[in-house]
Amino acid sequence: MGGDDLQIFNRRVLVLETNNFVTKALLVRIAAKKAKILKKYKKVHTHFEGEWISATQLETMKKALAFIGTDVEDYVVINFPFERVISSVETMPNLAEEQLKNAIKFKMSEEFNIPVADFIIEVAKASRGEKPPAGNRHLAFATRKSSLEEFLSKVLGISKVPEPDILIPDSLKYLELFDARSLRESGLRDERFSFLICMDLNYSVLFIFKNGYLWNLMEIPYSLKELIGALAEKSIDVDEVVSALVEGSEIGSLSYVKEVQPVLDQSYQQFLFEAEKSIRNFLIGQKVQNPLGQIHSIFVTSLNNRLTMDLEFQAHQMRLLNGMRIQRIPLKEDFPTELDSFRTVLGLAYRGVRQIGRCKFVQ
Amino acid sequence: MVDVNLYSKKKPRLKLLTVLILTGILVLPVAAFRITLWSLQMVEFNRLQSQYPIAAREMQSFRSSEFAAARQRLDQQERNLSAMVTRVRAETAKVEKDLVYAGTVQRVFSSFSDSFSQTGNGEKVFLNRMAVSRGSTMDMSYYDIPFAEESTQTLSLSFDFHQSFMESLLKTFPAPDADAQEINFLFLNALYNQLSLDLKGM
């Protein structure tokens, strides 16, 4: 059911988000245009030896599914590790969908020096009910076929995860969380650029918007993974800190807060510094006069509200981009605030529910 | 925002229960139609039952499962009846022919008898031969001998019986094949008549 067909039979959305540090799962039931979360699962697991899909991760996914319970008619949404995804903006003449896909595939294949046969690409389409952007710029996401096959064989074979209806690049889950209408009203449709700085566990990404559309996205070379690595060098319980970060708990409650807090502050500052570099590099690449004048809004987000606020605070403290005001990006009206620690997996849930129909999350 | 799906190969799979529900949904209109039709039939039947109570009792005793057998029986009976009608028709035609034949033959005898009754006092009639071949001919030969006049003792030359009989026959047989010969010998004057009547078509 990868397309839009037969979705009348999907009454449940099974969402699975996994990375090297945490696995989360949600089971959402859809009835009468309402989406209700039936079950939720979250497990932190930091023990891995550098594999991009660890054995612990696969085992945890298996446990998550055993807890959640699956059904053959579940609409399944899974995240695909963003580290294995490359994105590119290509300018192409007007072509049919399949021709456009092939043309971009060949072009990206040349650019990234990856054989066409080992390349899977997907051109980003405007969501249902939204107008596609004008012009011939196309944002495409790609991965190696071998990476995709390895991921699916492990996840479907070892963890017994049901075949996914949607396999989404992990970073896009954040875009599902935000209230597009409020963003438009706040001026996202401006001719100037808006930036969303996003810090995740395994990666960080900078989303760039213009005229109300996703214009581009760039990877920021600093993430919570580096923070966790720095903490691991100290004699503290990494699992506990990661749990606190994922849960959005008060770090001050930890017994070794004096050791942790400076590392956190330094990491956040380093991350924001890298983000500022990325923004500046992007604006320089646009070859416009007064690059900072091309910025309409700056947003910061992360795994949960707590981390987002910490990053916003640090951005103010370090006067990010010459002290430009950091705005709070509005979450969807029906976002279940009590499930803030499940924010990222909720992004995937929104994606699945959106595919089935226009539904509202209820408590 | 944007829709991206790196895996779009999943084939649709449905649970047995869903398939059953779907089948039910598809069958439901047909079932509803049949039920509606049946209800309308029952309403109409009840109306007819109240209108024709005697016929209704017969209709109620009739079971649809017996319909085929009943129809077979009716067909067989129809075939039998048809054969019987054909036989009766043939028999009737045959009887009609027999009656005509009997009437014709009887008229010959009646003519013979009437003529003899009318003329018997003055004539003797000797029936020499009579043979009836049904559907073919009726052959007969007779002698007509008139008595001599008592007063004159002379031979009478009048064959009244023969004339009367032939006249009577002409009414039934327009052209009888008759060969009449007079015989005069001494005081005997007689008429020998050989008659052949066509009975073909009788």
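Residues numbered from 1 in each chain as written. Chains lettered and ligands numbered in written order. Predicted model: local features only at pLDDT ≥ 70, side-chain atom pairs only at ≥ 80, totals over all residues. Heavy atoms only, no water.

A.B. asks: Hey, could you go over the overall build of chain A for me, with residue numbers and the actual values?
C.D. replies: When helices and strands are counted, chain A shows 11 helices and 15 strands. Every one of the 363 residues in chain A was classed for burial, and the buried ones make up 54%. Summarising the internal contacts of chain A: among those between residues at least 6 apart in sequence, 67% fall at separations of at least 24. Of the roughly 15700 Å² of accessible surface on chain A, 49% is carried by carbon and sulfur atoms. (Helix = DSSP H or I, 4+ residues; strand = E, 2+ residues; numbered from the N terminus. Buried < 20%, exposed > 50% of the residue type's maximum accessible area, 1.4 Å probe, protein only. Contact = heavy atoms within 4.5 Å. Areas by Shrake-Rupley, 256 points an atom, 1.4 Å probe, with all protein chains shown as cover.)

A.B. asks: Hey, could you go over unusual backbone geometry for me, with residue numbers and the actual values?
C.D. replies: All names here are of chain A. Located in the positive-phi region is Lys160, a residue other than glycine, with phi close to 60°. Among the structural elements, Lys160 can be located in the loop between helix 3 (145-158) and strand 9 (166-169). Under the relative-accessibility criterion, Lys160 is labelled exposed at 56%. A positive phi angle is found at Leu321, which is not glycine, with a value near 50°.

A.B. asks: Tell me what's going on with the pairing of strand 5 (residues 188-198) of chain B, and back it up with residues and numbers.
C.D. replies: Residue and element names in this part refer to chain B. Sheet analysis places strand 3 (residues 137-146) next to strand 5, joined by 8 bridges and oriented antiparallel. Residue Tyr142 lies in a different strand from strand 5, and its bridge partner there is Asn193. Across 9 bridges, strand 4 (residues 177-185) lies against strand 5 in antiparallel orientation. Each residue of the ladder has a partner; that of Gln181, found in strand 5, is Tyr192. The antiparallel pairing of strand 4 with strand 5 creates a hairpin that spans 2 residues between the two strands, and Leu186 there sits at a positive phi of about 50°. (Pairing = 2+ DSSP bridges.)

A.B. asks: Explain the environment of Met61 of chain A to me, and be specific about the residues and the numbers.
C.D. replies: Residues and elements named next belong to chain A. One can find Met61 in helix 1 (residues 55-68). Spatially, the C-alpha atoms of Met61 and Tyr41 are 9.7 Å apart, while their sequence positions differ by 20 residues. The contact partners of Met61, leaving out residues within four places of it in the chain, are Leu16, Thr18, Thr23, Val155, Ser159 and Val161.

A.B. asks: Could you give an account of helix 11 (residues 343-356) of chain A, with specific residues and numbers?
C.D. replies: The end-to-end C-alpha distance of helix 11 of chain A is 20 Å, a good match for the 20 Å that 14 residues give at a rise of 1.5 Å each. The buried count for helix 11 of chain A comes to 13 of 14 residues, which makes it a mostly enclosed element. (Expected span 1.5 Å × (residues − 1).)

A.B. asks: Tell me about the interface of chain A and chain B, residues and numbers included.
C.D. replies: Counting residues at the interface gives 40 residues for chain A and 17 residues for chain B. Summed over both sides, the interface of chain A with chain B buries roughly 2700 Å², with 58% coming from carbon and sulfur. Along the contact surface separating chain A from chain B lie 4 salt bridges. Remark: the boundary between chain A and chain B carries 11 residue pairs in polar contact (both at pLDDT 80 or more). Ranked by residue count, the leading element in the side of chain A that touches chain B is strand 9 of chain A, at 4 residues. The pairing of strand 7 (residues 125-126) of chain A with strand 1 (residues 2-3) of chain B spans 2 bridges and is antiparallel. Bridging across to strand 1 of chain B, Ala126 of chain A finds its partner in Val2 of chain B. (Buried area = accessible area lost by both parts, 1.4 Å probe. Salt bridge = Lys/Arg side-chain N within 4 Å of Asp/Glu carboxyl O. Polar contact = N/O pair within 3.5 Å; in protein donor to acceptor, adjacent residues only side chain to side chain.)

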